[in-house]
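Descriptive structure summary
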Amino acid sequence: MTRVVVVGDLMTDAVARARYALARASDTPAVVTMHGGGSGANIASWLAVEGAEVAFIGRRGADITGRNRDMELMGYGVDARLVMDPERPTGTCVVLVTHKGERTMLSDPGANAALAPEDLPRDLFGGGHLHLSGYTLINEGSREAGLAALDMARRAGMSISVDCASSAPLERTGAEPFLEWTGGAKLLFANTDQAKVLTGRDDPEAAAKVLTAWFPQVVIKMNAEGALWYGNGRPEPVRAPAEPVDRIVDGTGAGDAFCAGFLPAWLAGKPAAESLSAGCSLASKAIVHLGARPRL
């Protein structure tokens with residue numbers, strides 16, 4: 001199996017799940033739990049529990065939270081290459097889940113914003129596959145590290161995939177710079193909102209076709225409608241339905257789990273339909289419990 005090197009964000013998620021409609025400027029009963037998070041670290045964790053050989057490169061604070069996140073990654077079986085930041089805390093994200101399941105996130109990147117090119121272990125860029133979290137490029141402080149990782153991977157002949165992070169910060173950054181930075185990647189992951197930011201197209205299929213001007217292969221995640229893959233030169237996209245679940249508990253990290261399900265099959269040369277189904281299957285496991293990571 002191809003080794004996957006993930007460069008990205010490491011966070012602690014404080015998930016607050018409201019029991020009722022939010023009472024603005026007052027109190028709302030909620031269930032509040034703490035979990036490991038960060039899109040890049042989530043993908044690495046799901047890859048590891050699915051049996052992939054995976055290393056994660058990131059940055060954490062010199063705090064108890066950072067130590068816990070480090071040990072957690074190792075518990076999943078991830079080769080965690082975390083640089084300890086002596087000044088910045090481990091990143092934190094407040095995930096507010098309404099009583100209807102809608103999520104709003106408030107993010108403090110903390111140490112993630114200081115990831116630097118010299119933090120990238122050279123021994124990990126000798127082959128295999130690089131997956132770069134879009135947050136690394138969107139955050140100005142870590143952008144040079146993200147660009148350096150892409151350059152090192154290209155020089156080493158590694159295949160490269162990139163995800164689009166989140167639609168709001170992606171829109172603030174701008175479609176043109178993001179596409180310019182990532183244009184050498186072989187595979188792009190985006191959800192429907194992110195694809196619209198990059199292309200201006202509401203229809204996922206139309207957006208995917210536009211994006212193949214920059215990427216040979218594009219995957220669009222469509223939540224309850226499943227996912228589609230489109231490759232340059234193919235007349236029509238390949239689609240896969242979402243797997244049904246009895247009850248969605250928390251959608252946080254479902255897209256990360258999808259990427260982790262898709263990548264091993266895709267790297268093994270499986271057909272697009274099979275890779276999409278593997279991604280949808282793993283995403284279905286992520287949404288039936290609180291938190292964005294697999295259960296240890």
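Quick notes on the rules
- Residues numbered from 1 in each chain as written.
- Predicted model: local features only at pLDDT ≥ 70, side-chain atom pairs only at ≥ 80, totals over all residues.
- Heavy atoms only, no water.
- UniProt positions renumbered as here; feature names shortened; annotations may be inferred.
- Phe/Tyr/Trp six-rings, centres within 6.5 Å; stacked < 30°, edge-to-face > 60°.
- Helix = DSSP H or I, 4+ residues; strand = E, 2+ residues; numbered from the N terminus.
- Buried < 20%, exposed > 50% of the residue type's maximum accessible area, 1.4 Å probe, protein only.
- Pairing = 2+ DSSP bridges.
- Contact = heavy atoms within 4.5 Å.

Going by the annotation in an unreviewed UniProt entry, the name recorded for the protein is Sugar kinase, with Nonomuraea ferruginea given as the source organism. In UniProt, the protein has this text filed under Sequence similarities (unreviewed entry): "Belongs to the carbohydrate kinase PfkB family."

1. A short note on the packing of aromatic side chains
Applying the stated rule across the entire model yields 4 aromatic pairs. The interplanar angle of 25 degrees and the centroid separation of 6.1 Å between the aromatic rings of Phe 258 and Phe 262 together place this pair among those described as stacked. With a gap of 4 residues between them, Phe 258 and Phe 262 both fall in helix H9 (residues 254-267), about one helical turn apart. Here Phe 258 and Phe 262 have matching classes, each one buried. Taken together, the ring pairs connect Phe 189, Phe 258, Phe 262 and Trp 266 into an aromatic cluster.

2. A word on the pairing of strand E7 (residues 103-108)
Both strand E6 (residues 91-97) and E7 contribute to a ladder of 6 bridges, which runs antiparallel. By the bridge assignment, Val 95 is partnered in E7 with Met 105. Adjacent in sequence and paired antiparallel, E6 and E7 are bridged by 5 residues, among which Gly 101 carries a positive phi angle near 95 degrees.

3. A short note on the environment of Pro 86
On the secondary structure map, Pro 86 appears in the loop between strand E5 (79-85) and E6. You can call Pro 86 exposed: its relative accessible area is 68%.

4. Observations regarding the environment of Arg 17
As for its placement among the helices and strands, Arg 17 is situated in strand E2 (residues 11-18). Residues Arg 17 and Asp 250, spaced 233 residues apart in sequence, show a C-alpha to C-alpha distance of 8.6 Å. Beyond its immediate sequence surroundings of up to four residues, Arg 17 is in contact with Pro 29, Ala 30, Val 31, Val 97, Arg 247, Ile 248, Val 249, Asp 250 and Leu 290.

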